[in-house]
Amino acid sequence: HLSQHRPEAVADADIERLTFVNNHSTAENKERLYKTSLERITKTYSSTSASSQAIYLLAEWYASKGVTYDPLKDTTFRLAYITAKELCEKGLFQKEPGEGRSNCVNLLNQITKKQLKTQIEKVNLPGEPFRILVTYKNIPAAYFRIIKVDPDLKDKLGRETWTDEYWQKLTLLPAIGQFSSDLPATGDY
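This section reports on the structure supplied with the text.

Calculation rules
Throughout this document, residue positions are counted from 1 along each chain, in the order its sequence is written. Confidence filtering applies because this is a predicted model: local features only for residues at pLDDT of at least 70, side-chain atom pairs given and counted only at 80 or more, and all residues used for totals across whole chains, interfaces and linings. For side-chain calculations, the full set of non-hydrogen atoms in the structure is used, while hydrogens and water are omitted. Numbering of helices and strands starts at the N terminus; helices are DSSP runs of H or I of at least 4 residues and strands are runs of E of at least 2. To sort residues, take the accessible area from a 1.4 Å probe on protein chains only and compare it with the maximum for the residue type: under 20% means buried, over 50% means exposed, and anything in between is partly exposed. The set of buried Ala, Val, Leu, Ile, Met, Phe, Trp, Tyr and Cys residues whose side-chain atoms join them within 4.5 Å is what this entry labels a nonpolar core. Any two residues having at least one pair of non-hydrogen atoms within 4.5 Å are treated as being in contact. Helix axes use the C-alpha atoms of the stretch in contact, all axes being lines fitted to C-alpha atoms, and the angles between their N-to-C directions lie in the range 0 to 180 degrees. Helix crossings get a hand from a simple test, with the near helix turned counterclockwise from the far one by less than a right angle marking a left-handed crossing and a clockwise turn marking a right-handed one. Residues were grouped as follows: Ala, Val, Leu, Ile, Met, Phe, Trp, Tyr, Cys and Pro as nonpolar; Asp, Glu, Lys and Arg as charged; and all remaining residues, including Gly, as polar. Every case where a carboxyl oxygen of Asp or Glu lies within 4 Å of a side-chain nitrogen of Lys or Arg is listed as a salt bridge. Here the term cavity refers to a set of points on a 1 Å grid, laid over the protein atoms alone, in which a 1.4 Å probe fits but cannot get out; the term pocket refers to an open set having protein on both sides within 12 Å along at least five of seven lines, with lining residues being those that place an atom within 4 Å of a point. Grid points are joined across faces, edges and corners, and a volume is the space filled by probe spheres set on the points.

## Regarding the side chain of Ser52
Consideration 1: Summarising the element assignment, Ser52 is placed in helix H3 (residues 50-67).
Consideration 2: Given the relative accessible area of 0%, Ser52 is considered buried.

This is the structure we're talking about:
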């Protein structure tokens, strides 16, 4: 490919080689070398669509580091998702459409996806406040409604809690209490 002056093919072969080496290498510094090589490809082949795949792989590297962030233990990669998002947005503005651009769209959607998970204690004392653990991502506030459910109503609702129909029935029921809570903005996705 070098003798044919096809930079697109050279970049693509280089990316394939790097991915293979990264997946199979046992070297201690393989991650640093992989990251540095991807950065080099994005600069060297910036005018080709292959650079968007290198940008995506670099963004994916940062996103994989973002997964390891734990606010209570290790804050090393707290801002990794921000870097990954910025790289994906850069990959979207590449001139040529290609696999890398599509991959950037998918990764960007994963990073910015809104998630909310609640966990409530199974046993609560009557008349006493009960605790709810709220785990969230990219959501500024949570809204809650407390609905009294007896065994007959539970049977009428059914057990298919994953269906839209179940939740539509549930939202039509009268609430005995409702409240909202602003969730602390972390700004790190």
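## A look at the nonpolar core
Inside soluble globular proteins, nonpolar side chains tend to come together where they are buried.
Consideration 1: Within the largest apolar cluster, 27 residues are counted, with the highest numbers of intra-cluster contacts made by Leu38, Tyr62 and Leu107.
Consideration 2: Setting aside residues up to four positions removed in sequence, Leu38 forms contacts with Leu18, Ala54, Leu57 and Leu58.
Consideration 3: Counting residues in each nonpolar core, the second largest holds 5 residues, with Leu153, Tyr166, Leu170 and Leu173 among its members.

## Structural notes on the environment of Thr75
Consideration 1: Relative to the elements of secondary structure, Thr75 occurs in the loop between H3 and helix H4 (80-92).
Consideration 2: Once the C-alpha coordinates of Thr75 and Tyr136 are considered, the two residues, 61 residues apart in sequence, prove to be 18 Å apart.
Consideration 3: In contact with Thr75, not counting residues within four places along its chain, are Tyr69 and Asp70.

## Digging into the packing of H4 against helix H5 (residues 99-112)
Consideration 1: Packing of H4 against H5 brings their axes to within 9 Å, and their N-to-C directions diverge by 145°. The two elements H4 and H5 cross, and the hand of that crossing is left-handed. Along the contact surface, H4 presents Tyr81, Ala84, Lys85, Cys88, Glu89, Gly91 and Leu92, while H5 presents Arg101, Cys104, Val105, Leu107, Leu108, Ile111 and Thr112.
Consideration 2: Taken together, the residues that form the contact of H4 with H5 break down as 9 nonpolar, 2 polar and 3 charged.

## A look at the pattern of salt bridges
Consideration 1: With the rule as written, the count across this model stands at 8 salt bridges.
Consideration 2: Ionic pairing is found between Arg40 and Asp14, a salt bridge with its closest N-O pair at 3.1 Å. With Arg40 in helix H2 (residues 30-44) and Asp14 in helix H1 (residues 7-24), this residue pair connects regions lying 26 residues apart in the sequence.
Consideration 3: When its relative accessible area of 10% is taken as the criterion, Asp14 is described as buried.
Consideration 4: A salt bridge links Glu39 to Lys35, with the nearest nitrogen and oxygen atoms 3.3 Å apart. Of the two residues, Glu39 and Lys35 are both situated in helix H2; the distance of 4 residues between them amounts to about one turn of the helix.
Consideration 5: Within this structure, Asp14, Arg17 and Arg40 form a network of salt bridges that share partners.

## A word on the layout of surface pockets
Consideration 1: Put simply, the largest pocket is a space of about 840 Å³.
Consideration 2: Of the residues that constitute the lining of the largest pocket, the class distribution is 13 nonpolar, 5 polar and 3 charged.
Consideration 3: Considering only enclosed or pocket space, the second largest pocket measures out at about 630 Å³ in volume.
Consideration 4: For the second largest pocket, the lining is made up of 21 residues, of which Tyr136, Lys137, Thr186, Asp188 and Tyr189 are closest to its centre.
Consideration 5: The set of elements that each furnish at least two residues to the lining of the second largest pocket consists of H3, strand E1 (115-120) and strand E2 (132-137).
Consideration 6: Of all the elements, E2 adds the most residues to the lining of the second largest pocket, at 3 residues.

Don't take any of this as a statement about function, it's just geometry.
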